[in-house]
Amino acid sequence: QVQLVESGGGLVQAGGSLRVSCAASGSIFSINAMGWYRQAPGKQRELVATILSGGSTNYADSVKGRFTISRDKNAKNTVYLQMNSLKPEDTAVYYCNADLQYKSGGPFFRYWGQGTQVTVSS
């Protein structure tokens, strides 16, 4: 069984910084990509950033230059999202996901974490 557990959310003032983390555990052979999505009240879930196993990253235009996604160099199953210059419109529940294999050559499955609330006050 696979679990993704997020941590690090909270309340911060506009202009501040916050880092959220996500650790994947369980029966995992390899992880191809990990990412962060967010969902604000009354809105659809949207992509924030993704990172591939090789290190390539992709960001939503709204967060480029402010957010940085990274994977732990030692614990490859852990992904971080460093959020700087936060704005009230960044307020949302942030979810991480991972595309992973149970065994070599097997199919990839996408798993989601339970989400962590990030609130930016003006």
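Structural notes, computed from the coordinates. (Residues numbered from 1 in each chain as written. Predicted model: local features only at pLDDT ≥ 70, side-chain atom pairs only at ≥ 80, totals over all residues. Heavy atoms only, no water.)

### Let's talk about the environment of Pro 41
This is how it is decided: Under the DSSP-based scheme used, a helix requires at least four consecutive residues in state H or I and a strand at least two consecutive residues in state E, with every element numbered from the N terminus.
In this fold, Pro 41 is placed in the loop between β4 (30-39) and β5 (46-52). On a C-alpha basis, the gap between Pro 41 and Ser 7 in space is 20 Å, while along the polypeptide they are 34 residues apart.

### Quick word on the packing of aromatic side chains
Here is the rule: Geometry of aromatic contacts follows a simple scheme: Phe, Tyr and Trp rings, the Trp one being its six-membered ring, pair when their centres are within 6.5 Å, and the pair is stacked under 30 degrees between planes, edge-to-face over 60, tilted otherwise. We call a charge positioned over a ring when the NZ of a Lys or the CZ of an Arg lies within 6 Å of the ring centre and within 35 degrees of the ring normal.
According to the stated counting rule, one finds three aromatic pairs in the structure shown. With centroids separated by 6.4 Å and ring planes inclined at 75 degrees, the aromatic side chains of Tyr 102 and Tyr 111 adopt a geometry described as edge-to-face. Chaining the aromatic ring pairs together yields one cluster made of Tyr 102, Phe 109 and Tyr 111. Across from the ring centre of Tyr 95, 3.7 Å away, lies the NZ or CZ of Arg 45, which sits over that ring.

### Some details on the nonpolar core
Threshold: Residues belong to one nonpolar core when they are buried, are Ala, Val, Leu, Ile, Met, Phe, Trp, Tyr or Cys, and are joined through side-chain atoms within 4.5 Å. Each residue is assigned to one of three classes by its accessible area relative to the maximum for its type, calculated with a 1.4 Å probe on protein chains only: buried under 20%, partly exposed between the two thresholds, exposed over 50%.
If you look at the biggest cluster of nonpolar residues, it comprises 31 residues, and the most contacted ones within it are Trp 36, Val 48, Phe 67, Ile 69, Leu 81, Met 83 and Tyr 94. Listing elements by their share of this core, those giving two or more residues are β1 (2-7), β3 (18-26), β4, β5, β7 (67-71), β8 (78-83), β9 (92-101) and β11 (116-121). The element contributing the most residues to this core is β9, with five residues.

### A few points about the pairing of β4
Filter applied, for reference: In this analysis, strands are considered paired if DSSP registers two or more bridges between them.
Here β4 lies mainly inside the structure; seven of its ten residues are buried. Two strands pair when backbone bridges link them, and β4 and β9 are joined in this way by nine bridges, in the antiparallel orientation. Bridging from a neighbouring strand, Tyr 37 pairs with Tyr 95 of β9. Sheet topology places β4 next to β5; six bridges connect them, and they run antiparallel.

### A closer look at the pattern of salt bridges
We apply this condition: Put simply, a salt bridge is a Lys or Arg side-chain nitrogen that is within 4 Å of an Asp or Glu carboxyl oxygen.
Enumeration over the complete set of coordinates arrives at five salt bridges. For the salt bridge of Arg 38 with Glu 46, the shortest nitrogen-to-oxygen distance reads 2.7 Å. According to the relative accessible area criterion, Arg 38 is buried, its value standing at 6%. The exposure class assigned to Glu 46 is partly exposed, which follows from its relative accessible area of 36%.

### Structural notes on the layout of surface pockets
Put simply, the rule is: A pocket here means an open set of points on a 1 Å grid, computed over the protein atoms alone, that has protein on both sides within 12 Å along at least five of seven lines. A cavity is instead a set of points where a 1.4 Å probe fits but cannot get out; residues with an atom within 4 Å of a point line either one. Grid points are joined across faces, edges and corners, and a volume is the space filled by probe spheres set on the points. Residues are grouped as follows: nonpolar covers Ala, Val, Leu, Ile, Met, Phe, Trp, Tyr, Cys and Pro; charged covers Asp, Glu, Lys and Arg; every other residue, Gly included, is treated as polar.
The computed volume of the largest pocket comes to approximately 160 Å³. Around the largest pocket, the lining residues are Arg 38, Ala 40, Lys 43, Gln 44, Glu 46, Ser 62, Arg 66, Lys 87, Glu 89, Asp 90, Thr 91 and Ala 92. When the residues that make up the lining of the largest pocket are grouped by side-chain class, the tally is two nonpolar, three polar and seven charged.

### Overview of the pairing of β7
Covered by surrounding structure in β7 are Phe 67, Ile 69 and Arg 71 only, the residues Thr 68 and Ser 70 on the alternate face being uncovered. The pairing of β7 with β8 spans five bridges and is classified as antiparallel. The residue of β8 that forms the bridge with Thr 68 is Gln 82. As consecutive antiparallel partners, β7 and β8 are separated by six residues.

Take it as geometry only, folks, not as evidence of what the structure does.
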